[in-house]
Amino acid sequence: MDGPSDPAARDARTALWPATPEIDDAVARGGILALEVEIGLSCGGACEYCRPELAGPTPERLSHRDLERVLAEARALGARQVSFVEGDWLGYPHLAELLAEVDRLQLGLEVRLGSRALEHELAERLVASRARIVVDVHGVRDETHDRVARHPGSAGRARRTIEELRRRDPGHSSIAVRARICRANRDEIEPLWRWVRSLGLEPWFENAPPGRDDAPPELDDALAGLDARALEGLFRRLAEVDRAEFGHEWDPQPPWPGLRDLRHRYACAVSVSGVVRPAGLLPLPMGDLREHGLDHVLRESEVMENLRAHATSLKGPCRDCEKLPTCAGSRAVAFALTGDYLASDPTCWRNADRASEIARLPLALSEHLPQKAPMRFVDALDSVGDRVGECSVTIRDDLPMAGANVVDDVAYLEMIAQSMAALEVFAHLGTGDGGFGGFLVGAEDLEVFAPARLGDRLRIRVRKDVRIGKYGIVSGTVLRDESVLARGNIKIWRESGVPEP
Ligand code: SF4
């Protein structure tokens, strides 16, 4: 086995973009090749890349021991690289021990610096350990960068960091420059690309999802992403620059010029408090590492299962694209714009004329459920997560079980059953497979805590808990605001088997 100081082996582990056979192998064994971890709290900045959890109240972070356990679990699952992502990882109190643990586990390391400065000793250590260092530069003009980063003065720091790293690493094979493509910098992307290439650095430019929602109104428009046609033009110009001036040939596809994003098949992200997500910018909780190991979370996740099989699970016009085996657009952008992590990427130019074929949440259910008014007890499917979904309904006087101003207990079971049906219908929308065949075979353990009345707006949360062959058990909770009115379980039967919980 290679040692931690073997540069070639280290480079191979740090290489971010694994080949298709490696990805297929990781998928087949239910493993991963890369792990993103948040180890730092908010740095106090307002970067658009910052995770929602870091932008809010200070979360309770995983202990250092837990973090070491997670790295070891990732290694056992086949991960060869770990990324320290946004947040103030430089301020992590056990950083030296963690770097030593990364070495001990023979993991390649990627660190995302944002626009911060790197202190000399750490820069030397990272370069010596052949870490891939990602520095944000969002424009050729400092004021453009500062505007996109929302960090006055950060452009100068980013450039000084790049200079320092190039001095220490004359081959500079391990420095990447990341830029978020948005309206504010669209005219500077091409010259920025040339600058990065001319320095021999790796461009990692991305069409990122809409960022934090705390941007001041005057920046909202400037930080918005480009529409599909504008992105197409930009990607094609960059491809031509690369071909004509730098000898790189590539065929444009979203979300990154010159690169393929297949991380949803082989990577996952762990938040500072231990929540596992498919990726940092895809805020879809799959499990909690305080409760379960990483292997358990990934094995039990329907989201992970679907993302690993994106060529068959994606919905809408992407299914007709010949690039589908090696492209899923941006899962984070699709989720941000539609609420559906399996939706076709609406910002892909190939989908630009087929927007109406991409379903978005909330979805009005009047056209989609077999139950019609007045027997339909849910109005809309509002959100979909990992084995969970949430519907809503406003209690009207034409609902047959809403007599005498109070909803009959049986109506709650009907709401839960129809919410589950809505989840299944949505999972098949845009797949062309004709929907699911299944029905309710029983209900049990209904508890009613408070009555619902005419005019109440109720939310119904359902969760696929158990599968036994073609039978499944779904738990449901009916809420008014945050008060639980009722909960119960239903049993369903599905012709093709119940999706693995
Ligand atoms: S249509 Fe979908 S699969 Fe095809 S290039 Fe666009 S995002 Fe990728």
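Keep in mind that what you see is a predicted model, and the values were worked out from it rather than measured.

Caption draft 1: Highlighting the packing of helix 7 (residues 142-149) against helix 8 (residues 154-168). Two numbers describe how helix 7 lies on helix 8: the axes approach to 8 Å, and their chain directions differ by 105°. Taken together, the axis directions place helix 7 and helix 8 in an arrangement best described as roughly perpendicular. Together, Asp142, His145, Asp146 and Ala149 of helix 7 and Ser154, Ala155, Gly156 and Ala158 of helix 8 make up the contact between the two elements. Looking at the contact of helix 7 with helix 8 residue by residue, the class counts come to 3 nonpolar, 3 polar and 2 charged.

Caption draft 2: Molecular detail of the confidence of the model for the chain. Per-chain confidence: the chain averages 88 in pLDDT, with 87% of residues scoring 70 or above. Across residues 1-5, confidence stays below pLDDT 50; counting only partners more than four residues off in sequence or on other chains, it has 3 contacts.

Caption draft 3: Structural view of the site of the ligand. In the vicinity of the ligand lie 13 residues, with Cys318, Cys321, Cys327, Gly329 and Cys348 positioned nearest. The class makeup of the residues in the shell around the ligand is 6 nonpolar, 4 polar and 3 charged.

Caption draft 4: Molecular detail of the pairing of strand 14 (residues 457-468). Across 7 bridges, the pairing between strand 12 (residues 388-394) and strand 14 is antiparallel. Along strand 14, the bridge assignment pairs Val393 with Leu458. For strand 14 and strand 15 (residues 471-480), the ladder comprises 9 bridges, and the chain directions are antiparallel. Paired with Arg459 across the bridge in strand 15 is Leu479. Counted along the chain from strand 14 to the antiparallel partner strand 15, the turn is 2 residues long, and its residue Gly469 has a positive phi close to 60°.

Caption draft 5: Up close: the sheet that holds strand 8 (residues 275-277). Pairing in this open sheet of 9 strands is mixed, and the strands run 6-5-4-3-2-1-7-8-9 from one edge to the other. Single-partner strands in this sheet number two, and they are strand 6 (202-206) and strand 9 (287-288). Across 4 bridges, the pairing between strand 1 (residues 34-37) and strand 2 (residues 81-84) is parallel. Opposite Ala34, over in strand 2, you have Gln81 as the bridge partner.

Here is what the cut-offs are and how they apply
Residues numbered from 1 in each chain as written. Predicted model: local features only at pLDDT ≥ 70, side-chain atom pairs only at ≥ 80, totals over all residues. Axes fitted to C-alpha atoms, helices over the stretch in contact; angles between N-to-C directions. Helix = DSSP H or I, 4+ residues; strand = E, 2+ residues; numbered from the N terminus. Parallel < 35°, antiparallel > 145°, perpendicular 65-115°, else oblique. Contact = placed C-beta atoms within 7 Å. Nonpolar A, V, L, I, M, F, W, Y, C, P; charged D, E, K, R; others polar. pLDDT = per-residue confidence, 0-100. Near = placed C-beta within 6 Å. Pairing = 2+ DSSP bridges.

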